[in-house]
Each structure stands twice: as C-alpha cells, then as structure tokens.
Amino acid sequence: MDRIKTDICIIGGGSGGLSLAAGAVQMGAKVVLVEGGEMGGDCLNAGCVPSKALIAAAKHAHAMTSGAPFGVAPMQPQVDFAAVKDHVDRVIAAIAPLDSVERFTGLGVRVVQAWGRFISPTELEAGGHVITARRFVIATGSRPFVPPIPGVEDVPYLTNETIFALRDKPEHLIIIGGGPIGMEMAQAHHRLGCRVTVIEGAKALGRDDPEMAAVVLARLRAEGVQIIEDAPVSGLARTETGVEVSIKDGRSVTGSHLLMAVGRQVALDKLNLEAAGVAHTRRGVTVGADLRSSNRRIYAVGDAAGGLQFTHMAGYHAGVAIRSILFGLQSKMKTSHIPWATYTDPELAQVGMTEAEAKKAHGAALTVVRHAYHHNDRAQAEGKTEGLIKVMVVKGRPVGASIAGAQAGELIGLWALAISAGLKMSAVAGMVAPYPTLGEVSKRAAGAYFSPKLFDNPMVKRVVGLVQRYLP
Ligand SMILES: Cc1cc2nc3c(=O)[nH]c(=O)nc-3n(C[C@H](O)[C@H](O)[C@H](O)COP(=O)(O)OP(=O)(O)OC[C@H]3O[C@@H](n4cnc5c(N)ncnc54)[C@H](O)[C@@H]3O)c2cc1C
Ligand SMILES: NC(=O)c1ccc[n+]([C@@H]2O[C@H](COP(=O)([O-])OP(=O)(O)OC[C@H]3O[C@@H](n4cnc5c(N)ncnc54)[C@H](O)[C@@H]3O)[C@@H](O)[C@H]2O)c1
C-alpha cells in the first residue's frame, strides 16, 4: 500500500465534496478526493438533474393538453417514453464534464476512484492507498431509505437510483411517500401519460406550510394524480401484473410499478467511523455548527451532516468548512436563510420560518402579509393565477417567506437575500420591479405590510390634509 500525504482528503464527489475540492485546490491547498461511485453524486446522476429534466419533458406534454383557454386547441401528446429518457441522459451528459475526474484532475485535485474507509483517527484507506490528511471531510451523501414493510423483499420496486433508467412507460405507477421526490415524480409521470397513485402515511408535502402545500395538491389532484393521505403502508405483495400495496386501514391499491420515496438514509456504512472516533446517529455524522465531528480533524458536509438535504445546502456547507479548514477561521453555519423549492407545477418554496413556526417563536409580535397570484397582471396573462405569497414579519424584518405558485423557486431567492442580509421590508417595498412580472408579488406583499400604516392611518390623512391646505 502506498501512502499519500495531503492537506485535505474529501470522501465523496457529490455536490458538497466537489464544491469543497474545487474551492480548496484553487486557493492553494493539496486536495485528495475519494469517490467510489459516480462523480457528481446523487444530484447529477439520480437526483436534481434527472428529475428536473423529466419535469421539463412533462411540461411540454402538459402544454399540449392545456391550451384551450388561450384559444389553442388541445391535443393528446404522443409521448415516446424512451426518447424522454434520452433527453434526461443528454442533460446529465451535458453537465457531467463539470463534475468529472478530468476536470478535477486538471484543477490539481488528486482523485482516487475507490470507496474510502477509515483505519485510524488520522488515516483513510482507499483503492490500495493509505491517505493521511491534516483534515478529512465526509461528504458521502445519502441513499434512498427502504422501510421494512412486510413483503418488501418479494416485490420489485424502483427508487430514485433506478427510476430514471426505466425506458418503458409504467402503466400505473404507485408511489409510496408524498414528500418532494414523490410529488415531483407523480406529476411528471402523470403528465407523461402514466396513471399515478401516491400513498402518503401522513400529509403530502408535510414539511411545508399546509396552506401552501394545499395549492399544489389541489392542482395535482385536478390533473388526475390520485393522492391518498393518512395512509401508512402496511404490506406489499407481488401480483401477476405488478404489485399490490396494502394500507393500514384495510384499503389496497394495485399497480404496474412501485416507487419508494419515503426519505433518505445517510451513506456512512462503508466508512468504518468507529476507527476514526467519529460519533454519528441514524440521521448522520454528529456535527456542531462548525461542521466538525467528535474527531476535530474530521468535518462532515451535505446530506451526511444530517440536516437539510439539498444540493445548495451541501454547497453552503462546503463554504463554511473551507473558511475553517483553509484559514483556521471560526466559521459557523445557520439554517434560517436556507431556501428550498419543490418543482411541481405550481412550485412550492420556503425560506426561514413558516407561519406556524413564526407564531410559536414570536407570538403577538408577528405580522403575516399575503398577496395572491390572481392580483398579478402577468399571472393573469399567463393563466397562472393559482397561488400566493406569505411573508412573516417581526419588527419590520422578514423572518420567513412561503410561496406557492408559478416560479416560486425563482421568486424565493429575493426573500433568501432579504433574510440573510437582514433587510427590512421597506427595502423590498421600495424596490422597483419590472412590469409585468411575477416578481411583483414580492413587492406587493412587502407593500401590504405598510398599507395599513399608510392608508388606514388617520394621522397620515390629517397630515396630508394639512400640507395640501398650505402647499402653493
Ligand atoms: C430524486 C431527487 C431529487 C432531488 N432534487 C433536488 C433539487 O431539486 N434541489 C436540491 O437542492 N436537492 C435535490 N435533491 C437532494 C440532493 O440531491 C442532495 O441533497 C445532494 O446531492 C447532497 O449532496 P452530497 O454531496 O451531500 O451527497 P451526494 O451527492 O449523494 O454525493 C455523495 C457521494 O459520495 C460517494 N460515497 C459514498 N460513500 C463513499 C465512500 N465510503 N467512499 C467514497 N465515496 C463515497 C457517493 O458515491 C456519492 O457520489 C434531490 C434528491 C433526489 C434523490
Ligand atoms: N426539489 C427539491 O429540492 C428536492 C426534490 C426531491 C428530493 N429532495 C430532497 O430529498 C429528500 C428526500 O425526499 P423524499 O420525498 O424521499 O423524503 P421525505 O422524507 O421528504 O418524504 C417522505 C414521505 O414519505 C412518507 N412515508 C414514510 N414512510 C411511509 C410509509 N410506510 N407509508 C406511506 N408513507 C410513508 C412520509 O410521511 C413523508 O411524507 C427531501 O427531504 C429533500 O431534502 C429535494
């Protein structure tokens, strides 16, 4: 076994590991990156990228059936499911060079293509090398969680790791789990011509504000996706044509294909963390706000760190860890300004506190302002009038924003900035937004915070009256 000595050894070449590797090597550190699977990790190969590519294809199909209100005769789209998958593969292939071994080697990173395993608190074994590093970073991500439902070992099922490779259109796709994976996949597959049933143990899109989630669920149901809530799955059985899913209350659903979308399991099993003295739980490596583990030389970022599981969170973690690893600076992460979006149509987006969280934290000091999409001229022109924005305000500053509606994932960025920069509502109200854009909903929501103070205020009316009397 040869020995490699380096400044930083990163285990996992997904969103978190690659951001860290690229940043650290370009700032002068010696970096070894250990990746046992595919460069780019989940996001590129089995997550964000293929799912958004599939959603894009589904939007094209949907557009062909929904033009009637615009005077465009609807027609049944002819979906070539295998060609849709070619599109998904092309999108992955277009992005893959950015995450490739060649690119990272070119940047100066030594890439070891093997699974890494700690053999001591300061050494990692990978592909016949023993790597010693001043700092290690665990960026091993997560895998689909498959719950031990009775019968699971006897039925064929798909996960996010296999569904994008499916080239024959499922006749009836049953999805267990109504989280973001479940709902994005449900709408996309339905629009591409599959019958879809979602079986959710609690409430679909249950991590989001229920009022906002309801906007999305109503649309999915109207399009024809069957969503069964409060329905924990109690058993699975193989049938002649597919699978039967039993629900605790005695109901059952039969379909041709089954997708498991019931959450994630962190990928720590190959790492032999005990040898490194790294404490961990089922949720991930135990880290502080500085992302350091119980072994102070070992950090964890991204899904492996056990918090919010998003690509942009992994990238943010990478930045926090780099400040500490490269410059020895105190560096802490927070989550209050991290947005997320679910890319259904309409989209669902959140940053900071939901209304319920803000009420609990701030009580009577909280003001909630709202603006409905149907008051927005662009939304009217586009026929995208479903939805609303809600902003939670304390002492003139936003502490949370929720958006359900067209482009919610794009619109939430403004509120992520406002919260992270500590901007006041007056900054957003004073912004001039181009007309007519959906972005005006943000300005209007901010305006709604001030309108009672301005328009329903007798003092303001008295002052205006007085000034008008004396102005020449
Ligand atoms: C279907 C789906 C859709 C998603 N959509 C979005 C979205 O739209 N937006 C968003 O922000 N997030 C989305 N996510 C979440 C996002 O993909 C993850 O949060 C993100 O990929 C986490 O990045 P990471 O670097 O922590 O881990 P990963 O990207 O999972 O990378 C970890 C890497 O580590 C490697 N590895 C594991 N163990 C070892 C070992 N012992 N040795 C060497 N290598 C190892 C793995 O092979 C993998 O390549 C989605 C996820 C799924 C499943
Ligand atoms: N747009 C995005 O950013 C995006 C998209 C997809 C995934 N992701 C990330 O991936 C993570 C995982 O997504 P997910 O949707 O798999 O997980 P999730 O944990 O968000 O949702 C899983 C759902 O499955 C339900 N469930 C669990 N066991 C069940 C059972 N036995 N029967 C019926 N229902 C059951 C849960 O109640 C829950 O609602 C997300 O939390 C998110 O961080 C992000």
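Reading the values: rules and limits
- Residues numbered from 1 in each chain as written.
- Chains lettered and ligands numbered in written order.
- Predicted model: local features only at pLDDT ≥ 70, side-chain atom pairs only at ≥ 80, totals over all residues.
- Helix = DSSP H or I, 4+ residues; strand = E, 2+ residues; numbered from the N terminus.
- Rg over C-alpha atoms; globule rule 2.2 N^0.38 Å.
- Buried ≥ 20, exposed ≤ 12 C-beta atoms within 10 Å, placed from the backbone.
- Contact = placed C-beta atoms within 7 Å.
- Near = placed C-beta within 6 Å.
- Nonpolar A, V, L, I, M, F, W, Y, C, P; charged D, E, K, R; others polar.
- Domains from an automatic or database assignment.

Asker: Please explain the overall build of the chain as it appears in this structure.
Answerer: On a plain count of helices and strands, the chain comes out with 15 helices and 23 strands. Here the chain has a C-alpha radius of gyration of 25 Å; the compact-globule value for 472 residues is 23 Å, and the two agree. If one aligns the C-alpha atoms of the chain with their principal axes, the spans along those axes are about 90 × 60 × 40 Å. Buried positions account for 43% of the 472 residues belonging to the chain. Within the chain, residue pairs in contact and separated by at least 24 positions form 65% of the contacts whose partners lie at least 6 positions apart.

Asker: Explanation requested: the site of ligand 2 in the structure shown.
Answerer: In the region of ligand 2, 28 residues are neighbours, and Gly177, Gly179, Gly201, Gly263 and Gln309 sit closest. Those elements that provide at least two residues to the shell around ligand 2 are α6 (180-191) and β19 (340-342). The element contributing the most residues to the shell around ligand 2 is α6, with 4 residues. Across the shell around ligand 2, the residue classes break down as 15 nonpolar, 9 polar and 4 charged. Residues from two domains meet in the shell around ligand 2; each of domain 2 (152-264) and domain 3 (339-455) gives at least three.

Asker: Before we go on, may I ask you to explain the site of ligand 1 in this structure?
Answerer: Surveying the vicinity of ligand 1 reveals 38 residues, the closest of which are Gly12, Gly14, Gly41, Gly141 and Gly302. Among the secondary structure elements, those contributing two or more residues to the shell around ligand 1 are α1 (15-26), α2 (41-46), α3 (48-65) and α9 (311-327).

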